[in-house]
Amino acid sequence: MAVVLVIFSFLLTPVPAAAQNVSNLFAQWLQADLWPEARARGISPATFNAAFAGVTPNLKLPDLVMPGESAPRATAQHQAEFRAPSAYFDHIGGVVSGGRRLAGQHAATLAAIEKRFGVPRGIVLAIWGRESGFGAAKIPHNAFEVLGTKAFLATRKEMFREEVLAALEMVEKRGVGPQTMRSSWAGAMGQPQFLPSSYLKYAVDFDGDGRADIWNSVPDTLASIANYLASHGWVRGRDWGFEVTVPQGISCAEEGPDRGRRIADWAAAGIARVGGKAFPAHEIEGEGYLMMPAGRLGPAFIVTPNFYRLKDYNESDLYALFVGHAGDRIMYGDMAFAAGWSRVDGLSRADIAAMQRALERQGHDVGGADGLAGFKTRRSIGRWQAKAGRAATCFPDRDLARQLG
């Protein structure tokens, strides 16, 4: 323990007076709280000291609760505008063009990855491009600074505690140098943007150098992305989904992964692929799900279980749709959504959360009042609209917010 105590004396580097007390408390927490658990998990003093040498809490990170306070000081993210779904796709062209270029450059590696893991190269490239601009994005933070700060001060302390312990295991057992562990403000690391627990489970050494290097190795990065999806249940040989037209006789409130039907049954009910195409023969007997990210105000899709494996990577319908659509364009050529995105009202996350709480009081399952209109919120809106005698759009608007407020 003496070695750790000596190192901690260097943690208290000069910081503004207002933050000095937090820095002291952070150093005490590292010594008295985190270190004993790390030691019990097989982390050596040398590893622990190397990871936290010179690290002080980064008080600029979001969602921090200062000692003695009960809630984060910053409220900007809760008041931020709820963006129109169409805005999510503004920069998809760069991912598509970059993915096409790199598909040729890394063709042999991608072919080997696709053969081993069963995940199409377009999907892997689209995630690589979305997460880190194909490795070009700056990843500015020291992972131990971010994860340590969040484990000490964040609203989800226990989650980040597990992640910082996993990061220590990466150093101790996987030979990753702590100084190479650069992360985002949320602690996601490297080109695939893995949290440490995901690195331990899914990172792959695909270039054969003995270490899974998701910061510098393209083969390791691409294989790690594919392994993540395959390990979460990606179904080899199935597509992710298809844009469709939905007749008015089918309610938008039928959306969701718990409302699955055979794709043949959706087709028999009147749902058709855009452009007059038939659903592929290998998909027709498989289960599919209605997905309408903007309700009746945007494109609609029948998606497969693989769509929800993309959501395992990032819990967002729009993220999964972006990756699936970009992957198709990388592999099959440029195509826009056939249906346009209607203009939607500019509501804040606080507005959406208030609407969700009102719907919950009426017995609807909105999936939590988080200010984000996920599929449970969208279909709850549609059911409320139908019950009120309105045309169901399954999407929030100002009039609905006033009615429910």
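Just so it is clear, the structure is predicted and the values come from calculations on it, not from any experiment.

Enquirer: Can you break down the overall build of the protein residue by residue, with the values?
Expert: Helices and strands together make up the secondary structure of the protein, namely 17 helices and nine strands. Taking 405 residues into account, the globule formula puts the C-alpha radius of gyration at 22 Å, and the protein, at 24 Å, falls close to it. The buried share among the 405 residues of the protein stands at 50%. Put simply, 67% of the contacts in the protein that link residues at least 6 apart link residues at least 24 apart.

Enquirer: An account of the packing of helix α5 (residues 92-105) against helix α7 (residues 121-132) is needed here, citing residue identities and associated values.
Expert: Interaxial distance between α5 and α7 falls to 9 Å at its minimum, and their mutual angle equals 125 degrees. The angle between the axes of α5 and α7 places the two elements in the oblique class. Pair α5 / α7 crosses with right-handed handedness. Contacts between α5 and α7 involve Val95, Gly99, Leu102 and Ala103 from the first element and Leu125, Ala126, Trp128, Gly129 and Arg130 from the second. Here the residues of the contact of α5 with α7 sort into six nonpolar, two polar and one charged.

Enquirer: I'd love a proper account of the pairing of strand β4 (residues 241-245), names of residues and values included.
Expert: Most of β4 sits inside the fold, with four of its five residues counted as buried. Bridging between β4 and strand β8 (residues 300-303) involves four bridges; their strand directions are antiparallel. Pairing of Val244 across the sheet is with Ala300, part of β8. As paired elements, β4 and strand β6 (residues 272-273) share two bridges and run antiparallel to each other. From the neighbouring strand, Thr245 faces β6, where its bridge partner is Ala272.

Enquirer: Before we move on, could you go through the packing of aromatic side chains and cite the residues and values that matter?
Expert: Per the counting criterion, the structure on display carries 25 aromatic pairs. Plain terms: the ring middles of Phe89 and Trp341 are 5.6 Å apart, the flat faces sit at 25 degrees to each other, and that makes the pair stacked. Here Phe89, found in the loop between β1 (81-82) and α5, pairs with Trp341, found in the loop between α14 (317-332) and β9 (347-348); they are 252 residues apart in sequence, far enough to count as distant. Between Tyr313 and Tyr319, the ring centres sit 6.4 Å apart and the planes meet at 5 degrees, which makes this aromatic pair stacked. In textbook terms, an aromatic cluster arises when at least three aromatic residues are bridged by ring pairs, as seen for Tyr88, Phe89, Trp240, Tyr289, Phe301, Phe307, Tyr308, Phe322, Phe337 and Trp341. In this structure, Arg130 is placed above the aromatic ring of Phe322, and the distance from its NZ or CZ to the ring centre is 4.6 Å. Note that Arg261 overlies the ring of Trp266, its terminal NZ or CZ placed 4.2 Å from the centroid.

Enquirer: Run through the side chain of Arg273, naming residues and quoting values.
Expert: Note that Arg273 resides in strand β6. Buried charge Arg273 goes without a salt bridge, the closest partner of opposite sign being Asp239 at 7.0 Å. Here the side chain of Arg273 touches Ala278 through a polar contact of 2.9 Å, landing on its backbone oxygen. Not counting residues within four places of it along the chain, the set of residues in contact with Arg273 comprises Phe242, Glu243, Val244, Ala278, Phe279 and Pro280.

Enquirer: Residue-level account of the sheet that holds β6, with values.
Expert: Strand order in this open sheet of five strands is β5-β7-β8-β4-β6, and the pairing throughout is antiparallel. The two strands at the open ends of the sheet, each matched to only one other strand, are β5 (261-262) and β6. Two elements, β5 and strand β7 (residues 287-291), share two bridges in a ladder whose sense is antiparallel. Each residue of the ladder has a partner; that of Arg262, found in β7, is Glu287.

Enquirer: Account for the pattern of salt bridges, with residues named and values stated.
Expert: Two side chains carrying opposite charge are able to pair once their charged atoms lie near each other. Under the definition given, this model contains 22 salt bridges. The partner of Glu37 in a salt bridge is Arg41, and the shortest N-O contact between them spans 2.9 Å. According to the relative accessible area criterion, Glu37 is partly exposed, its value standing at 24%. The salt bridge partner of Glu254 is Arg261, with a shortest N-O separation of 3.8 Å. If you follow the salt bridges from partner to partner, you end up with Asp33, Glu37, Arg41, Arg161 and Glu162 in one network.

So, how was this worked out
Residues numbered from 1 in each chain as written. Predicted model: local features only at pLDDT ≥ 70, side-chain atom pairs only at ≥ 80, totals over all residues. Heavy atoms only, no water. Helix = DSSP H or I, 4+ residues; strand = E, 2+ residues; numbered from the N terminus. Rg over C-alpha atoms; globule rule 2.2 N^0.38 Å. Buried < 20%, exposed > 50% of the residue type's maximum accessible area, 1.4 Å probe, protein only. Contact = heavy atoms within 4.5 Å. Axes fitted to C-alpha atoms, helices over the stretch in contact; angles between N-to-C directions. Parallel < 35°, antiparallel > 145°, perpendicular 65-115°, else oblique. Left-handed = near helix turned anticlockwise from the far one by under 90°. Nonpolar A, V, L, I, M, F, W, Y, C, P; charged D, E, K, R; others polar. Pairing = 2+ DSSP bridges. Phe/Tyr/Trp six-rings, centres within 6.5 Å; stacked < 30°, edge-to-face > 60°. Lys NZ or Arg CZ within 6 Å of the ring centre and 35° of its normal. Lys, Arg positive; Asp, Glu negative; His and termini not counted. Salt bridge = Lys/Arg side-chain N within 4 Å of Asp/Glu carboxyl O. Polar contact = N/O pair within 3.5 Å; in protein donor to acceptor, adjacent residues only side chain to side chain.

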